[in-house]
Amino acid sequence: MLLSHRAFLFFLFSRSLSRFSSQIAAVAIGWQIYDLTGSAFDLGMVGLVQFLPTALLVFVAGHAADRYERKRVVQLCQLVEAATALYLAFATYFGAVGEVQIFIATFVLGIAGAFESPTTAALLPLIAPQGSLQRATAISSGAAQVATITGPALGGFAYAVAPHLAYAGMVLFWVLGMILTGFIRPRPQAVLKEGTNSDNIFAGVRFIRSNPAILGTISLDLFAVLFGGVTALLPIYARDILQTGPVGLGVLRAAPAVGALLMTMVLARHAISRHVGLRMFQAVIVFGLATIVFALSSWMWLSVLSLAALGAADTISVVIRFSLVQLSTPDEMRGRVGAVNFLFINASNQLGQFESGVAAALLGAMPAAVLGGVATVAVALLWMKLFPALRKVESLE
């Protein structure tokens, strides 16, 4: 069984702890910025500031993941993240934190994430036993979702007690994650040969452009979540529409992870073996419809349920996308291809957060969220026509 492999277990715990810290950061930073400024536009700016390092460093990060020992790269990123969280904890405790300091810290976290995420993705195929990558991806996603469920709730509770406690928790989890990463013993990774085309930092881009199924998969996620993401608007919904506070915000942020966890439990036991391309399109459509339901809801229970459905649908898309990309990519290029993939994912998440904040400032939170859900469904239907090769993908392994 996968859970009997020590390297995979260390990977699970390390990745979960990093996710735990990231989710606490999302709650603490989002609420603190909105509390300081009361501006939907500034909420969106958090996403833009976090995305910029990914856009600037994506090719360097991918090359580093293929050039250097991947677990050491991950450890260095976790160390930088822990140090940044420590700064926020002290600055908040002594009342010296402001909007500028939060944006700077967010930018640094974005730099670390730009290197950590593609490196972690490239590390998993060297840990998972042969023929089990889809299940390993589902279990890994499920473990991260456990952290995503409890992280926002704990972050909201800690912030309600004292804002600096949320940042102190981030320090603890990132340090523990760094220690556990050191115990991972992956299979040897392929070594790049200097002076060859495969050594070029843009090789990942060329590889993706030559593979229509991978290009369609990554671009679908980019545009669907770019328009359909409502995460940036959750502080507005929590305070102004659903009439709840930081703890309620934590519950809302955790709801997609609950649905995602339930879905990963299903996928870990029953891998998607047929019509995987079509299943991914169907999942994106459900994601868009659930976004529309959430946008129109003024009841906490319905908002939570729609976010859970959104998370479940997104998990199907994530597992298929990750498995398809990793299985189709040579090991010596996984870092660079993963970096491009991460750029697209971050563009959809962070730029989607910026887009949602700007749209909410112009139109209001509810109209902006409804428009985003409708656009997501439209993108999925359009991509089914533009990328027939992706729609016709039958199996992964």
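Above this text you will find the structure in question.
Nothing here was measured: the structure is a model prediction, and the numbers come from that model. Sequence order as written defines the numbering, with residues in each chain counted from 1. This being a predicted model, a pLDDT of at least 70 is required before a residue's local features are given, and a value of 80 or more before pairs of side-chain atoms are given or counted; all residues contribute to the totals for chains, interfaces and linings. As a rule here, side-chain values come from all non-hydrogen atoms in the structure, and water together with hydrogens is ignored.

### Re the overall build of the chain
Scanning the chain from N- to C-terminus turns up 15 helices and zero strands. Computed over the C-alpha atoms, the radius of gyration of the chain is 20 Å, within 12% of the 21 Å expected from 2.2 N^0.38 for a compact globule of 397 residues. Projecting the C-alpha coordinates of the chain onto the three principal axes gives extents of approximately 55 × 45 × 40 Å. Relative accessibility decides the category of a residue: with a 1.4 Å probe and only protein chains considered, values under 20% of the type maximum give buried, values over 50% give exposed, and everything between is partly exposed. For the chain, with 397 residues in total, the buried portion stands at 58%. Long-range pairs, those at least 24 residues apart, make up 89% of the contacts in the chain with a sequence separation of at least 6. For the purpose of charge, His is not counted, nor are the chain termini; Lys and Arg are scored as positive and Asp and Glu as negative. For the purpose of locating charges, the reference atoms are NZ of Lys, CZ of Arg, CG of Asp and CD of Glu. Each charge class in the chain can be summarised by its mean position, and for the 24 positive and 17 negative side chains these summaries are 10 Å apart. Strands here mean DSSP runs of E at least two residues long; helices mean DSSP runs of H or I at least four residues long; both are numbered from the N terminus. It is over C-alpha atoms that the radius of gyration is taken, and the globule rule equals 2.2 Å times the number of residues to the power 0.38. For this analysis, residues touch if any pair of their heavy atoms sits within 4.5 Å.

### A short note on the packing of aromatic side chains
Side-chain rings of Phe, Tyr and Trp, where Trp is taken by its six-membered ring, are said to pair if the distance between their centres is within 6.5 Å; with planes under 30 degrees apart they count as stacked, over 60 as edge-to-face, and otherwise as tilted. Taken as a whole and assessed by the stated rule, the structure comprises six aromatic pairs. Consider the rings of Tyr-237 and Phe-294, whose centres lie 4.6 Å apart with planes at 35 degrees: the pair is tilted. Here Tyr-237, found in helix 9 (residues 234–241), pairs with Phe-294, found in helix 11 (residues 276–296); they are 57 residues apart in sequence, far enough to count as distant. Judged by its relative accessible area of 0%, Phe-294 falls in the buried class. Between Trp-383 and Phe-387, the ring centres sit 6.0 Å apart and the planes meet at 35 degrees, which makes this aromatic pair tilted. Phe-387 matches Trp-383 in its accessibility class, with the two residues each being buried. Taken together, Phe-90, Tyr-93 and Phe-94 form an aromatic cluster joined through their ring pairs.

Honestly, that's just the spatial picture; any functional story needs more than this.
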